[in-house]
Amino acid sequence: MTNRITCPELSARTMTAEAAAALIHHGDNVGFSGFTGAGYPKAIPGALHDAMVAAHTRGDAFRIGLWTGASTAPDADGVLAKAHGVSSRLPYNSDPTMRALINSGEVDYIDAHLSHSAQHMWFGFYGRLDVAVVEVTAILPGGLLVPSSSVGNNKTWLDQAQKVILEVNHWQPRELEGFHDIYYGAALPPHRRPIELTEPMQRIGEPYLRVDPAKVVAVVETDRPDRNSPFSPPDEVSAAIADHVLDFLRHEVRAGRMPADLLPLQSGVGNVANAMLAGLQGSEFTNLTAFTEVIQDGMLDLLDSGTLRTASATSFGLSDAGVRRFMDGIASYKGRILLRSEEISNHPELVRRLGLIAMNGMIEADIYGNVNSTHIMGSAIMNGIGGSGDFARNAFLNFFVTPSTAKDGAISAIVPMVSHVDHTEHDVHVIVTEHGLADLRGTSPQDRAPRIIEHCAHPRFREALQDYFERAWNERPTARHTPHLLGEALSWHQRYLDTGSM
């Protein structure tokens, strides 16, 4: 291994993962690096798992509060969940083992807007952060750190933690130095100042994370890859959704509401999001920019073709093939990709100023435009709200997209009333399924319902939705602003729970 630790003071604190994990204790709140499977600690979680299992075998308690930037990986969230070693989790999780413990009530889950998580830590809402465990690419003299493949909440964890453990991952390319912009101008009210960022790729910070060397209690060297998730090629449904979005963007350009090279793009994570990016690849749109959370394979495609000029984010979220492509061409991406803290990538002030086009997934929407993006049948968490609310409420234009059905057609994504509300009708601009889209801007609830039913619902469910709306309209002539049959509003969900089909 080449020397990645050129700070003599911190080089002297190099130790094994097992020795470093022993510095974490029952009841500690621990902040991990990591965002969407990139840049999370690779060695400490496994060592911590073993220590937890050993403690539980002895009859001793060993559970921690686990804080991150967003999701991590099976060898971080997953192994700690398997050890039953987590008491609370925030602000986002996608690991199935951890999800099961959250839904069983074993783990308390604070599902927070990602733009809120760092500032709520600064406000003291979460209590004390005892230990930060942060992956970096290199440690430079004076406590300067070269970040790795995500930034997330790392700046805040390093600032606020009582103790810091650093993992120096040799798998991360040393050439990542210079890809980051870490803003250190944040302040608490009443001392806040405007964040002076007016262009997606404008630098307002510095390329390094900082840490007080006196707080660093351990340095662990690793050489392990990120968790890289494969993406499926666009299927017929996701391609149809992408086509509808692109047609609508063309409509907005023709109407003079945005320029021919659009406005900065934000795209959620997943196969549908990649399909929308793939649709841009073959379109007439060029010279695009992105101000988003995660750089996926689809954005690399757009950067490689020149369709996308630049992309600002907080993390990578690439497949194995995408990682190889990035590493092979890393020099060509410098200056075109910039990674920031999530409190900047998701900041409402910046999202609104830049006028983003936000594209995010959902679980279900109701006939009035309320969106559920987090809960299955009202009670079981899926992943979390993530950054979708940060972008939706503040974007120039937002899309919420989903296939019209789930579970082989047993579930309709368009329902009379959503079983959980993450994004109210006031924040939702356009709903899209493979069958079409409903532009809800400037409409009343009774105008929205026919649009959503006709254009977004699966044909199998349209008649029942229209029947519900008409009966609700007629039942209470003095309550027609948002007509509902309260005894039936969630009956579709109950029918699914009872029979396996809505």
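Here is what the cut-offs are and how they apply
Every chain's residues receive numbers from 1 upward, in the order its sequence appears when written. Per-residue local features are limited, in this predicted model, to residues with pLDDT of at least 70; the limit for side-chain atom pairs, both in listing and counting, is 80 or more; totals at the level of whole chains, interfaces and linings are taken over all residues. Values reported for side chains reflect all heavy atoms of the structure, with hydrogen atoms and water molecules removed beforehand. Labels follow the DSSP assignment, with helices taken as runs of H or I lasting at least four residues and strands as runs of E lasting at least two, numbered in each case from the N terminus. Note on contacts: a residue pair is in contact if any heavy atoms of the two residues lie within 4.5 Å. Between N-to-C directions, angles span 0 to 180 degrees; the directions come from axes that are lines fitted to C-alpha atoms, helices contributing only their stretch in contact. Small angles under 35 degrees read as roughly parallel and large ones over 145 as roughly antiparallel, with 65 to 115 read as roughly perpendicular and the rest as oblique. Charged residues are taken to be Asp, Glu, Lys and Arg, nonpolar residues to be Ala, Val, Leu, Ile, Met, Phe, Trp, Tyr, Cys and Pro, and polar residues to be all remaining types, Gly included. Classification of ring pairs rests on two measures: the distance between centres of Phe, Tyr or Trp rings, Trp counted by its six-membered ring, which must be within 6.5 Å, and the angle between planes, read as stacked under 30 degrees, edge-to-face over 60 and tilted in between. For every residue, the accessible area (1.4 Å probe, protein chains only) is compared with the maximum for its type, and the residue is labelled buried under 20%, exposed over 50%, or partly exposed between those bounds. A pocket here means an open set of points on a 1 Å grid, computed over the protein atoms alone, that has protein on both sides within 12 Å along at least five of seven lines. A cavity is instead a set of points where a 1.4 Å probe fits but cannot get out; residues with an atom within 4 Å of a point line either one. Grid points are joined across faces, edges and corners, and a volume is the space filled by probe spheres set on the points. The handedness of a crossover follows from its direction of travel: if, with the strands pointing away from the viewer, the path from the first strand over the helix to the second runs clockwise, the crossover is right-handed.

*Asks:* Let's hear about the environment of Ile204: which residues, and what values?
*Replies:* Relative to the elements of secondary structure, Ile204 occurs in the loop between strand S8 (180-181) and strand S9 (209-210). Ignoring sequence-local partners within four residues, the contact set of Ile204 consists of Asp181, Tyr183, Ile195, Glu196, Leu197 and Arg340.

*Asks:* Any details on the packing of helix H3 (residues 44-58) against helix H4 (residues 74-82)? Residues and values, ideally.
*Replies:* Running from N to C, H3 and H4 point in directions that differ by 5°, and their axes come no closer than 8 Å. As the angle between them shows, H3 and H4 are arranged roughly parallel. Between H3 and H4, the contacting residues are Pro45, Gly46, Leu48, His49 and Met52 on the first element and Asp75, Ala76, Val79 and Leu80 on the second. Across the contact of H3 with H4, the residue classes tally to 6 nonpolar, 2 polar and 1 charged.

*Asks:* Let's hear about the packing of aromatic side chains: which residues, and what values?
*Replies:* Enumeration according to the criterion identifies 10 aromatic pairs in this entry. With a centroid separation of 5.9 Å and an interplanar angle of 55°, the aromatic rings of Trp67 and Trp157 are classed as tilted. Remark: Trp157 occurs in helix H7 (residues 154-160) and Trp67 occurs in strand S2 (residues 64-67); sequence separation between them is 90 residues. Residue Trp67 shares its accessibility class with Trp157, and that shared class is buried. Among the aromatic residues, those joined into a ring-pair cluster are Phe179, Phe316, Phe326 and Tyr333.

*Asks:* Outline empty space enclosed by the protein, supporting the account with residue identities and numerical values.
*Replies:* Any empty space left between atoms is shown by rolling a water-sized probe over those atoms. Applying the stated rule across the entire model yields 2 cavities of 30 Å³ or more. When its volume is computed, the largest cavity comes out at roughly 150 Å³. When residues in the lining of the largest cavity are grouped by element, the largest group, 3 residues, is from helix H11 (residues 320-328). If you add up the space inside the second largest cavity, you get close to 40 Å³. Forming the walls of the second largest cavity are Ala242, Val245, Leu246, Leu249, Met276, Leu280 and Met359. Broken down by secondary-structure element, the contributors of at least two residues to the lining of the second largest cavity are helix H8 (236-254) and helix H9 (271-281). Residues belonging to the lining of the second largest cavity are distributed by class as follows: 7 nonpolar, no polar and no charged.

*Asks:* Run through the pairing of S2, naming residues and quoting values.
*Replies:* Covered by surrounding structure in S2 are Ile64 and Leu66 together with Gly65 and Trp67, the residues of both alternating faces. Assessed by its sense of winding, the connection that carries the chain from strand S1 (residues 29-32) through H3 to S2 is right-handed. Following the backbone out of S2, through H4 and into the adjacent parallel strand S3 (residues 86-90), one traces a crossover that is right-handed.

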